[in-house]
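# Structure assessment
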Amino acid sequence: MIGAALALVAFAAGLPDGGLADGGVADRGRADGGVHVVDGGLAAVAPDAHSTADAGTMADASATPDAGAALATGAPAATPAPVAAAVAARVKERDSPLAFRVAYAGKDARRRALEAGDALEAALSEVPADGVAPLEIVLNGEVALVRVCGRAVATLTPADAAAEGAPDLAHYTEELEGRLLPFVQAELRRSSAQSIALSVFLFVAFGLLGVLTLRAARKAFDRLEGMVEQRRGALQPLTLLSIPLISGETLRGALLVGLFIGRILGYLVVTAVALGAALSQFEVTRPWLGTIATALLRPLVAGVDAGARAVPGLLLATLLVVLTAAGLRFARLWLDSVAQGRVEARMVRPVRVPATRVVVTAAALLVVAPLVVAAAFGRFGTPLETLAVAGGAAVLLAFVPVLASAAVGVVVLWRGALKPGDWIEVGDRHGEIASLSVLDVVLVPETGGTVVVPMLLLALRPVARTAAPRVAVVVRLKRDRPWTDLEPRLLALARAVEAGASVALLEAGERSVSCELSVPVGKPAARSALLTQVVQAAERGELTLFEPA
């Protein structure tokens, strides 16, 4: 008994806390620590798996008989083997129940804890898929795989269970799952709340960014349109090899149309991008965005591919258009020279130049247009091309009267039967020809104004060439002098009004003569001017007006 008491005193003196508690041996690692007798000796019980890193060193779980003998005899006891402190896997600066004390696969406890913490944080940042458990620990032979939200985060071994004081790996994983599951659920709730708040913030941010971008795009397009308007008349024509293809005014119109189309496309693109970025923050709307994007991008990609394939054909079509424009320009210059008399042509006389110009232009278009279409499209047969052909046929059918009128106009101009200044009568229309074109004839009637007669009417109605109407005034004079003296005086009075005036004797009697003074139509108030000349001559005594009794 005395030896046992001395051994107990010696063991108590060697404890880290240096004392006893509650009649037993005090242990830093656990409250229920104590001693038990092994073969007549005493040994300290090792702390369980719940001990933390600051629990200090842990005593060996089993003492040998030699240790009991040493205590009984008062000899010094052997030092227990130390166990490494637990290193917890951290998630956003928070310690998780998953901790490591021993090395595995060439990685020490700290390295294993860092990798497990990164994997655990990555797994908790995603919402678990349907049917996936937040936490599961799967035993696979001698190891246990820890999965969080379907993602593997750590591998546990029997050494980990032994380091934590568990009897085997199965008991350790069951105890760890009970402590790790509440932690995972709490982190998922926290992550979900943060994700919703972030999604709402990004939704509002992308919406505001889209509005600001639309405002910036509107100001940019307004500035560009203002620059084009300011350069009205300053734009140079688009030329190729000194051949003008597009005039400056046409180029300005094309730029304005392009800016309008670009404005609409820009608004649509900015709206689609901003709306897609905003709605992509929510799980509910993401499938819709995928479906819409697929439906929109498929024809866009197909169109881009078709455009890329059509580049050679478009280049050939452009070359044909340029060559045709150059040929028409040369033809116009040659015809202008023929019309001015600088160049003589056997078949084309100056009066036939307008008709020849129309025929050459129409022939060039009829020949080159199919070649340009074939070069641009390559083939026919697609629904769009069929629709274009149908639309062209409908337009051609609607323009049949116009084409017929143009055909008649070409014949009339080629023959030169009519020219400006001629007086003609077509049906109930009568007047002087002011101008002729392929499609119509402009007449100026006696009463003034203009009348436009389609060329097609000249083929459907007889055309009568008439003399120019004249304004006539009948004057009755007293026969107090010979007619050879009166006629020159009357002719001088009429030509004072118009150089082309004439005098005609209508009636002659013993005491009076009647004559007609006339001038061509065209001079305003010609009748009043003729009467004024006659009255003034009578007042001067050059003429004597006859007054019947």
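Throughout this description, residue numbers start from 1 for each chain and increase along the sequence as written. Whole-chain, interface and lining totals are the exception, using all residues; otherwise, since this is a predicted model, local features are given only for residues with pLDDT of at least 70 and side-chain atom pairs are given and counted only at 80 or more. The basis for every side-chain value is the complete set of non-hydrogen atoms in the structure, without hydrogens or water.

Okay, the nonpolar core next. Residues belong to one nonpolar core when they are buried, are Ala, Val, Leu, Ile, Met, Phe, Trp, Tyr or Cys, and are joined through side-chain atoms within 4.5 Å. Think of it in three bands: with a 1.4 Å probe and only protein chains considered, a residue is buried below 20% of the maximum accessible area for its type, exposed above 50%, and partly exposed in between. Grouped together as the largest cluster of nonpolar side chains are 30 residues, with contacts concentrated most on Phe100, Val146, Val148, Val153 and Leu156. Secondary structure elements are defined from DSSP: runs of H or I of at least 4 residues count as helices, runs of E of at least 2 residues count as strands, and each element is numbered from the N terminus. Secondary-structure elements contributing two or more residues to this core are β5 (87-91), β6 (94-100), α3 (109-124), β7 (135-140), β8 (143-148), β9 (151-156) and α5 (169-230). Contacts: residue pairs with any heavy atoms within 4.5 Å of one another. Setting aside its immediate chain neighbours within four residues, Val148 contacts Leu120, Ala123, Leu124, Pro134, Leu135, Val153 and Val184. In this structure, Val475, Ala494, Val513 and Ala537 belong to the second largest nonpolar core, which totals 19 residues.

A pairing counts as a salt bridge when a side-chain nitrogen of Lys or Arg comes within 4 Å of a carboxyl oxygen of Asp or Glu. Tallied over the full model, the rule gives 17 salt bridges. Note that Glu164 and Arg101 form a salt bridge whose closest N and O atoms lie 3.0 Å from each other. A residue pair is termed long-range when its members are at least 10 positions apart, and Glu164 in the loop between α4 (158-163) and α5 and Arg101 in the loop between β6 and α3 qualify at 63 residues. For the pair shown, Glu164 and Arg101 are each scored as buried. With its nearest N and O atoms 3.7 Å apart, the salt bridge here joins Asp222 to Arg218. Of the two residues, Asp222 and Arg218 are both situated in helix α5; the distance of 4 residues between them amounts to about one turn of the helix. According to the relative accessible area criterion, Asp222 is partly exposed, its value standing at 36%. Residues joined in a network through salt bridges with shared partners are Arg218, Asp222, Glu225 and Arg263.

A word on the sheet that holds strand β15 (residues 451-454). For two strands to be treated as a pair, DSSP must find at least two bridges joining them. In spatial order, the strands read β15-β14-β13-β12-β16; together these 5 strands make up an open sheet with antiparallel pairing. Every other strand in the sheet has two partners, leaving β15 and β16 (463-466) as the edge strands with one partner each. Along the sheet, successive strands turn relative to each other by an average axial angle of 45°, direction set aside. Pairing of strand β12 (residues 423-426) with strand β13 (residues 429-436), which is carried by 4 bridges, proceeds in the antiparallel orientation. Each residue of the ladder has a partner; that of Trp423, found in β13, is Glu432. Note on definitions: angles span 0 to 180 degrees between N-to-C directions of axes, and those axes are lines fitted to C-alpha atoms, for helices only across the stretch in contact.

This part covers helix α11 (residues 400-415). One less than the number of residues in a helix, times 1.5 Å, gives the span that helix is expected to have. Look at α11: 23 Å from first C-alpha to last across 16 residues, which is about the 22 Å you get at 1.5 Å a residue. Regarding α11, the residues found buried are Ser405, Ala406, Val408, Gly409, Val410, Val412 and Leu413. The positive-phi residue at the C-terminal boundary of α11 is Gly416, with phi of around 70°.

Throughout, the protein atoms alone are placed on a 1 Å grid, and a set of points is a cavity if a 1.4 Å probe fits but cannot get out or a pocket if it is open with protein on both sides within 12 Å along at least five of seven lines; lining residues have an atom within 4 Å of a point. Grid points are joined across faces, edges and corners, and a volume is the space filled by probe spheres set on the points. Within the structure shown, the criterion is met by 2 cavities of 30 Å³ or more. One number sums up the size of the largest cavity: a volume of about 50 Å³. Around the largest cavity, the lining residues are Val91, Lys92, Glu121, Leu124, Ser125, Glu187 and Ser191. Among the secondary structure elements, those contributing two or more residues to the lining of the largest cavity are α3 and α5. For the lining of the largest cavity, the per-class residue count stands at 2 nonpolar, 2 polar and 3 charged. What the second largest cavity holds in volume is close to 30 Å³. Of all the secondary structure elements, the ones that give two or more residues to the lining of the second largest cavity are α8 (311-340) and α9 (353-377). Classes in brief: Ala, Val, Leu, Ile, Met, Phe, Trp, Tyr, Cys and Pro nonpolar; Asp, Glu, Lys and Arg charged; the others, Gly included, polar.

We now examine the sheet that holds β9. Across the sheet, which stays open at both edges, the 3 strands sit in the order β7-β8-β9 with antiparallel pairing between neighbours. At either end of the open sheet lies a strand with only one pairing partner, and these are β7 and β9. Strand after strand, the sheet turns through a mean of 25° between neighbouring axes, direction not considered. As judged from the 5 bridges shared by β8 and β9, these two strands associate in the antiparallel manner.

With respect to the helices and strands, Ser195 occurs in helix α5. Along the sequence, Ser195 and Phe282 sit 87 residues apart, while their C-alpha atoms lie 9.5 Å from each other.

To continue, consider the confidence of the model for the protein chain. Taken residue by residue, the protein chain gives an average pLDDT of 75. The fraction at 70 or more is 78%. The secondary structure element of the protein chain with the lowest average pLDDT is strand β2 (residues 24-25), at 32, and the one with the highest is β8, at 90. The predictor attaches a confidence to each residue, called pLDDT, with possible values from 0 through 100. Predicted confidence for residues 1-81 stays below pLDDT 50, and this span has 80 contacts to residues more than four positions away or in other chains.

The next subject is unusual backbone geometry. Most peptide bonds are trans, and most residues other than glycine sit at a negative phi. The backbone of Ala105 shows a phi angle near 55°, a positive value even though the residue is not glycine. By the element assignment, Ala105 lies in the loop between β6 and α3. By relative accessible area, which is 63% here, Ala105 ends up exposed.

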